[in-house]
Amino acid sequence: MMSSPLPEAWQCAGVPSLPAIGPDVVDEFARTIYGRTPEGGQLTDLVLRSRDNGVLSGAADRLRHRAVIACPLGNLELDTVTHLPAGASAEHPVPVVVALNFKSNEEPSAKVLKAGYAVLTVDYQQIEPDDPAPAAPGVRALFPTESWGAVAAWAWGLSRLLDIAGSIDGVDPEGAIVLGHSRLGKAALWAGAQDERFAVTVTNGSGCCGASLFRHPGGEDIAAITTKFPHWFVPSFSTYAGNESSLPVDQHQLLASIAPRRVYVASAEDDAWADPVGEYLAVVAARPAFGPNGIGYHVRPGTHDLLEEDWLHALDFAKR
Ligand code: GTR
């Protein structure tokens, strides 16, 4: 689906070819950019702390849980919020969107819930602090593991949210959507590529190391992202700064690696730092890997944000 008319300049830009996608492609992304998300992390306890009826429209419901996840070197505790649409119950569970959030469990809009999905979310920094030298360690300190960046840690957290979804009455973990914006859109993409339980991956405004092509010039590049956010990736990723053409992969291959599961990419016209043209070209280049309606895209007017309309377009795609 290409839902908006595209700016004319985009239509003549180059589309890279899509190499054959083997099982080793995801390994290559792990080795080069994100680091390998380790196996493990077991949900051992889920305690309901509060339940508020009617906080949104009608009889929508909001559940707050404390989840305990046992990791090899200790426990991680998460304070999750589950937004249930009206009518969701143990007898009538609804599909779920799992999404990390920036602002301590912000609310999805009433229209999002009306679309019939539950939304399960947690503050992303409860999983891993977004800091090159954090005051308190995150989940990466709870694994005796080699190298994985914060984006991979957040992707790990998205998979744990899906584990949690399976223990909440009213939520059906089958057919789950993973969704994220910006740095959390990078994490959603990496989670979708690694965890086959996600039926639909939605990456919004994810830019460099998200949906946009490294080899399309414009916006943030490897030098900028690894200088400002060295903790997001494996340390050796910075050796590609200024040398994008030597990377063994590009982001259309990551999108394509998710097929035949489905992917939705969203851009904003004035989000130059995320390079919306590079995001669009990655979608076009990845398309041969997908069946009809396997990959969707929209670009809307405006700047870098995850708006209600972005949610609604993505959920509309997911329902097809
Ligand atoms: C920017 C960063 C982007 C994007 C964004 C965000 O500063 O350069 O890669 O992730 O932050 O997360 O809002």
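Going by the structure above, here's the rest.
This report concerns the structure included in the present document.

Reading the values: the criteria
- The written sequence of each chain sets the order in which its residues are numbered from 1.
- With pLDDT at 70 or above as the cut-off, local features in this predicted model cover only qualifying residues; side-chain atom pairs require 80 or more to be listed or tallied, and sums for whole chains, interfaces and linings still use all residues.
- Only hydrogens and water are removed before side-chain values are computed, so all heavy atoms of the structure are retained for them.
- Secondary structure elements are defined from DSSP: runs of H or I of at least 4 residues count as helices, runs of E of at least 2 residues count as strands, and each element is numbered from the N terminus.
- Each radius of gyration is computed over the set of C-alpha atoms, and the globule rule expresses the reference value as 2.2 Å times the number of residues to the power 0.38.
- The cut-offs for exposure are 20% and 50% of the maximum accessible area for each residue type, with area from a 1.4 Å probe on protein chains only; residues under the lower value are buried, those over the upper are exposed, and the others partly exposed.
- Calculation of accessible area relied on Shrake-Rupley with a 1.4 Å probe; when residues are assessed, cover is drawn exclusively from the protein chains displayed.
- Counting rule applied: Lys, Arg positive; Asp, Glu negative; His and chain ends not counted.
- In plain terms, the charge of a residue is placed at NZ if it is Lys, CZ if Arg, CG if Asp and CD if Glu.
- Here the aromatic set is Phe, Tyr and Trp, taking the six-membered ring for Trp, and pairing holds for ring centres within 6.5 Å; pairs whose planes are under 30 degrees apart are stacked, those over 60 apart are edge-to-face, and all others are tilted.
- Only Lys NZ and Arg CZ are tested; either one counts as a charge over a ring when it is within 6 Å of the ring centre and within 35 degrees of the ring normal.
- We call a residue near a given molecule or strand whenever any one of its heavy atoms falls within 4 Å of it.
- When residues are sorted by character, Ala, Val, Leu, Ile, Met, Phe, Trp, Tyr, Cys and Pro go into the nonpolar class, Asp, Glu, Lys and Arg into the charged class, and all the rest, Gly among them, into the polar class.
- By nonpolar core is meant a set of buried Ala, Val, Leu, Ile, Met, Phe, Trp, Tyr and Cys residues that side-chain atoms within 4.5 Å join together.
- Note on definitions: a residue-residue contact is assigned when non-hydrogen atoms from the two residues lie within 4.5 Å.
- Criterion used throughout: strands pair if DSSP finds at least two bridges between them.

1. Quick notes on the overall build of the protein
Then step 1. The secondary structure content of the protein amounts to 8 helices and 9 strands.
Then step 2. A globule of 320 residues ought to have a C-alpha radius of gyration of about 20 Å, and the protein, at 19 Å, matches this closely.
Then step 3. Considered along the principal axes of its C-alpha atoms, the protein spans approximately 50 × 45 × 35 Å.
Then step 4. Counting across all 320 residues of the protein, residues that qualify as buried make up 55%.
Then step 5. When the accessible surface of the protein is summed, it comes to about 12,700 Å², and 51% of that surface belongs to carbon and sulfur atoms.
Then step 6. Side chains of the protein carry 23 positive and 38 negative charges; the gap between the two charge centres is 3 Å.

2. Remarks on the packing of aromatic side chains
Then step 1. One pass over the structure, following the stated rule, counts 13 aromatic pairs.
Then step 2. Ring centres 6.1 Å apart and planes at 65° place the aromatic pair Phe-214 and Phe-237 in the edge-to-face group. In this pair, Phe-214 sits in the loop between strand S7 (198-204) and helix H5 (222-228) while Phe-237 sits in the loop between H5 and helix H6 (251-257), placing the two residues 23 residues apart along the sequence.
Then step 3. Assessed through its relative accessible area of 8%, Phe-214 is described here as buried.
Then step 4. Looking at Phe-237, the relative accessible area reads 0%, which means it is buried.
Then step 5. Every member of this aromatic cluster is reached through a ring pair, and the members are Tyr-34, Phe-102, Tyr-124, Trp-154, Trp-190, Phe-214, Phe-229, Trp-232, Phe-233 and Phe-237.
Then step 6. A cation sits over an aromatic face here: Arg-262 above Phe-317, 4.1 Å from the ring centre.

3. Description of the site of the ligand
Then step 1. Near the ligand, the surroundings consist of Ser-182, Arg-183, Lys-186, Glu-220, Ile-225, Phe-229, Trp-232, Trp-273 and His-304.
Then step 2. In isolation the ligand exposes 320 Å². Once the protein is present, 83% of that is buried.
Then step 3. Partitioning the shell around the ligand into residue classes produces 4 nonpolar, 2 polar and 3 charged.

4. A word on the nonpolar core
Then step 1. If you look at the biggest cluster of nonpolar residues, it comprises 83 residues, and the most contacted ones within it are Tyr-34, Trp-154, Leu-158, Trp-190 and Phe-237.
Then step 2. Beyond its immediate stretch of four places on either side in the chain, Phe-237 contacts Thr-32, Ile-33, Cys-209, Phe-214, Ile-222, Ile-225, Thr-226 and Leu-247.
Then step 3. Listed in part, the 18 residues of the second largest apolar core include Leu-179, Val-202, Ala-266 and Leu-315.

5. Here we look at the pairing of strand S3 (residues 74-84)
Then step 1. For strand S2 (residues 61-71) and S3, the ladder comprises 11 bridges, and the chain directions are antiparallel. If you follow Ala-67 over to S3, its bridge partner there is Leu-78.
Then step 2. In this sheet, strand S5 (residues 118-123) lies alongside S3 in antiparallel orientation, the contact comprising 3 bridges. Residue Val-81 lies in a different strand from S5, and its bridge partner there is Thr-121.

6. Description of unusual backbone geometry
Then step 1. With an omega dihedral of 10°, the bond running from Ala-259 to Pro-260 counts as a cis peptide bond.
Then step 2. Unlike most non-glycine residues, Ser-182 shows phi in positive territory, near 65°.
Then step 3. By the element assignment, Ser-182 lies in the loop between strand S6 (171-181) and helix H4 (183-194).
Then step 4. Residues other than glycine seldom take positive phi values, yet Asn-293 does so here, at roughly 60°.
Then step 5. Secondary-structure assignment places Asn-293 in the loop between helix H7 (276-286) and strand S9 (295-300).
Then step 6. Given a relative accessible area of 36%, Asn-293 falls into the partly exposed group.

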